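# Structural overview for review
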Amino acid sequence: MELYVPGEIMDDQPRADAAEAVATTLDSVNRQLGGMVGVYSTLARSVTIDDAAANADLQALGRISKELASMQRHWEGSIQLRNYAENYAERARSIDIGTITSSANVETLQRLWDNDSGLTKLVVGREVQRGLYEGIESAACYCPSTINEDLRWAGVFIGHNTNLRELVFCGHHSRGIFAAKSTADAFAELDNYLQFLSGVSHNTSIVSLEFNELTNGDIRAFFANNRNLRRVASFDCEFGGGGDWLLSSMLRGCQSLEDIRLTNNLGEGERPTTTIEALSTQTQLEYLALSVMNVGNAECRALAELPVISNLRTLNLSVNNIDDAGVEALVGAVANGNKLCSFDLSHNRSITTRGLQSLAVFLESSQCNLLRLSLLSSGVDDEGANILGMALANNRKLKFLELVVNYYSYCLITAQGWSALDDVLCNTSSVQATSQSNHILTSFSHENIAPSIGGESGAIPSSLVYSLEMNKRGAMEAARRKIIRHHLGSDEGMGYFVDMGPSALPHLLACVQLDELSLLYRFVRSLPSELGIVPAAETAQMGPQRKRKKTSGPTLCIESAKK
């Protein structure tokens, strides 16, 4: 594609047309370079035409456009960038590190160059982040000036290192990396970033890359030579309207990924169409997060058709535009495998009872191995709680069903819905029903914070909170404590065991502990004396030879029944 690059802006050319011409050119370059220069396009359109300095600004933008077009011609081959990197690598062998960066960064650069085996994680970011890693021997923070050369030096030293395993790159939407205040500084910033990328592209030891709050940064060069990458994360990055194309190019350039986490990287109205298509190249993928990525039903259907969907252990599609049709497509795909352990559909507010019904069928399936299902702010009301409750009655694997942020937050479920869930966790209609209740689920809260037993908990019954806390102790202990609480403390509950006769004794012994022997005593006193189980108080009438040694607990004498 031939780019139009404005030269000198003629006096008789309307300045409004000139501004639009520059903006159009920069938009085209922005598209082809993955969104690095979207900021300049915005600047061109914001020029006040009547401003006396407007013509000079447009001239500067025109020169930047020429330089960017030149960079584009060299980008794919990377010949110019490679030469720069080799030049810096040669200089690095003899340079005094103290002369190329601030004193706060010297130790980090030295450890990188010395290939310190103890340094496995590097954070390239803002000064405010440095304190987060003080005292952590395996991690360091490098805080460069993007206008000066220390950013490109960081790339050279990272490319040289063979022990680094994690690289976190942090920008900022308002200040810090990629936040130059003038066109001259903006170009210097961009040039240094390109050199940084060229240096980093020589590294082959990094297995985890994370990008935070980058603005117009092309991240493809990180994947140029490294075939050992296993994890890539990109959070809140602004790629100037070309996010989908850039992310898909990144994914196609690295096919060894096991963990992909993408959050809020697309422009307004942009859809992750080609990004999802590129996932077809990831045959080892186990963790996929597409959060705040404008995923709708069409994208859900595209995901469902990917072979890798049945291999996922975690799928996070929170804060998107998914409704019942999308849920049905996803459930139908993940049900074909049995590996999915965590499924996050939180903040998809168009999910109704129809979508919950398909999830309920999945939860009851023998193929379901989910441990966590998040439906925070997804429209679950009392009817939805009933649907999920019936599924949980037959599910013995799910541990976390997130319906509220915490037990004090607002949600659509009222006392009626919580009561239905309470009955699933502890059905008190009989001892048998209690023992067969759900003793696996431990939380309905994202924060996993429960109020104290008997404390204020809004519409959530204290008995439900108690059951959740007991379930955290393990299924057998939870069943034991629920039976004791709801049955052995009453004559009706004790009668269940009494009716079983002496054969109930082993079962009762399994329920009580040393501090609960009074329950065992009540059971013995309730048995008919003709069965041969005699309370200790009556042994005095049998003679001293029948007495047993005193113990700290209730003394029982069990005599064989006479034939």
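Residues numbered from 1 in each chain as written. Predicted model: local features only at pLDDT ≥ 70, side-chain atom pairs only at ≥ 80, totals over all residues. Heavy atoms only, no water.

This part covers the overall build of the protein. Helix and strand counts for the protein come out as 20 helices and 14 strands. Within the span of the protein, comprising 563 residues, buried residues form 50% of the whole. For the protein, long-range pairs separated by at least 24 residues make up 73% of all intrachain contacts whose partners lie at least 6 apart in sequence. For the protein, the accessible area works out to roughly 25900 Å², and carbon and sulfur atoms hold 49% of it. (Helix = DSSP H or I, 4+ residues; strand = E, 2+ residues; numbered from the N terminus. Buried < 20%, exposed > 50% of the residue type's maximum accessible area, 1.4 Å probe, protein only. Contact = heavy atoms within 4.5 Å. Areas by Shrake-Rupley, 256 points an atom, 1.4 Å probe, with all protein chains shown as cover.)

Moving on, we come to the sheet that holds strand S11 (residues 400–404). The parallel open sheet is built from 12 strands, whose spatial order is S2-S1-S3-S4-S5-S6-S7-S8-S9-S10-S11-S12. Single-partner strands in this sheet number two, and they are strand S2 (139–142) and strand S12 (443–445). Put simply, the sheet's adjacent strands are angled 10 degrees from each other on average, direction ignored. (Pairing = 2+ DSSP bridges. Axes fitted to C-alpha atoms, helices over the stretch in contact; angles between N-to-C directions.)

So, about unusual backbone geometry. With the exception of glycine, the majority of residues adopt a negative phi angle, and the majority of peptide bonds are in the trans configuration. Notably, Asn264 is not glycine yet its phi reads approximately 55 degrees, a positive angle. Within the secondary structure, Asn264 sits in the loop between strand S6 (259–263) and helix H9 (273–278). In this model, His347 sits at a positive phi of 60 degrees, which is unusual for a non-glycine residue. Position of His347 relative to the elements: it lies in the loop between strand S9 (342–344) and helix H12 (353–364).

All right, on to the pairing of strand S4 (residues 208–212) then. Buried residues dominate S4, accounting for five of its five residues. Neither face of S4 is exposed, since Ser208, Glu210 and Asn212 on one face and Leu209 and Phe211 on the opposite face are all buried. Sheet analysis places strand S3 (residues 166–170) next to S4, joined by five bridges and oriented parallel. Pairing of Cys170 across the sheet is with Asn212, part of S4. Across five bridges, S4 lies against strand S5 (residues 231–235) in parallel orientation. Considered in S5, the bridge of Ser208 is made with Arg231.

Moving on: the state of the cysteines. Under the criterion given, the structure shown has zero disulfides. With no disulfide of its own, Cys237 lies 9.3 Å from the sulfur of Cys170, the closest cysteine sulfur. According to the relative accessible area criterion, Cys237 is buried, its value standing at 3%. (Disulfide = S-S within 2.5 Å.)

Looking now at helix H6 (residues 150–160). With 10 of 11 residues buried, H6 lies mostly within the body of the structure. Asp150, Leu151, Arg152, Trp153, Ala154, Gly155, Val156, Phe157, Ile158 and Gly159 are the residues of H6 that are buried.

Now for the pattern of salt bridges. Tallying each qualifying case throughout the model produces 12 salt bridges. Among the salt bridges present, the one from Glu137 reaches Arg111, with a minimum N-O distance of 3.5 Å. With a gap of 26 residues between them, Glu137 in the loop between strand S1 (121–124) and S2 and Arg111 in helix H5 (residues 103–113) connect regions that are remote in the sequence. For Glu137, a relative accessible area of 57% puts it in the exposed group. As a salt-bridge pair, Glu469 and Lys472 come within 3.0 Å of each other at their nearest N and O atoms. (Salt bridge = Lys/Arg side-chain N within 4 Å of Asp/Glu carboxyl O.)

The subject of this paragraph is the packing of helix H10 (residues 297–304) against helix H11 (residues 324–334). Between H10 and H11, the least distance of the axes is 8 Å, while the angle of their chain directions is 5 degrees. On the basis of their axis angle, the class for H10 and H11 is roughly parallel. The segment H10 lies against H11, with Asn297, Cys300, Arg301, Leu303 and Ala304 engaging Ala325, Gly326, Ala329, Leu330 and Ala333. Residue composition of the contact of H10 with H11, grouped by class: seven nonpolar, two polar and one charged. (Parallel < 35°, antiparallel > 145°, perpendicular 65-115°, else oblique. Nonpolar A, V, L, I, M, F, W, Y, C, P; charged D, E, K, R; others polar.)

Note on aromatic pairs: each is described by the distance of the centres and the angle between the planes. Enumeration over the complete set of coordinates arrives at four aromatic pairs. Ring geometry for Trp113 against Phe157: centres 5.2 Å apart, planes inclined by 50 degrees, an arrangement best described as tilted. In this pair, Trp113 is assigned in helix H5 and Phe157 in helix H6, connecting sequence segments 44 residues apart. Residue class for Phe157 comes out buried when judged on its relative accessible area of 1%. Ring geometry for Phe169 against Phe196: centres 4.9 Å apart, planes inclined by 20 degrees, an arrangement best described as stacked. Separated by 27 residues along the polypeptide, Phe169 in strand S3 and Phe196 in helix H7 (residues 183–200) bring together distant segments of the chain. Here the guanidinium or amino end of Arg261 rests over the ring plane of Tyr287, the centre of that ring lying 3.8 Å away. (Phe/Tyr/Trp six-rings, centres within 6.5 Å; stacked < 30°, edge-to-face > 60°. Lys NZ or Arg CZ within 6 Å of the ring centre and 35° of its normal.)

It should be kept in mind that the predicted coordinates are not to be read in detail where pLDDT is low. For the protein, mean pLDDT is 74; residues scoring 70 or higher make up 60% of the total. Model confidence for the protein, summarised as mean pLDDT per element, is weakest for strand S14 (residues 556–558) at 31 and strongest for strand S7 (residues 287–291) at 98. Throughout residues 32–50 the model reports pLDDT below 50, and contacts reaching past four residues in sequence, or to other chains, amount to 60 contacts. Taken as a whole, residues 546–563 scores under 50 in pLDDT and shows 24 contacts with residues more than four places along the chain or in a different chain. (pLDDT = per-residue confidence, 0-100.)

The next subject is the side chain of Asn203. Considering the arrangement of structural elements, one finds Asn203 in the loop between H7 and S4. Assessed through its relative accessible area of 2%, Asn203 is described here as buried. Engagement of the side chain of Asn203 in a polar contact is seen with the backbone oxygen of Ile158, the distance being 2.9 Å. At a separation of 2.8 Å, a polar atom in the side chain of Asn203 contacts the main-chain amide nitrogen of Ser205. Once residues within four sequence positions are removed from consideration, Asn203 is found in contact with Ile158, Gly159, Asn161 and Asn226. (Polar contact = N/O pair within 3.5 Å; in protein donor to acceptor, adjacent residues only side chain to side chain.)

Attention now moves to the environment of Ile351. Along the chain, Ile351 falls in the loop between S9 and H12. With relative accessibility at 2%, the residue Ile351 sits in the buried group. In this structure the C-alpha to C-alpha distance between Ile351 and Ser378, which are 27 residues apart in sequence, comes to 6.0 Å. Ignoring anything within four residues of it in the chain, the contact list for Ile351 reads Ile322, Asp323, Asp324, Val327, Leu345, Leu356, Ser378 and Gly379.

Okay, the packing of helix H13 (residues 382–392) against helix H14 (residues 415–425) next. Where H13 meets H14, the axes come as close as 8 Å, and the angle between the chain directions of the two elements is 5 degrees. If you check the angle between H13 and H14, you find them roughly parallel. Of the residues in H14, those in contact with Asp382, Ala385, Asn386, Gly389 and Leu392 of H13 are Gln416, Gly417, Ala420, Leu421 and Val424. Its residues assigned to classes, the contact of H13 with H14 comprises five nonpolar, four polar and one charged.

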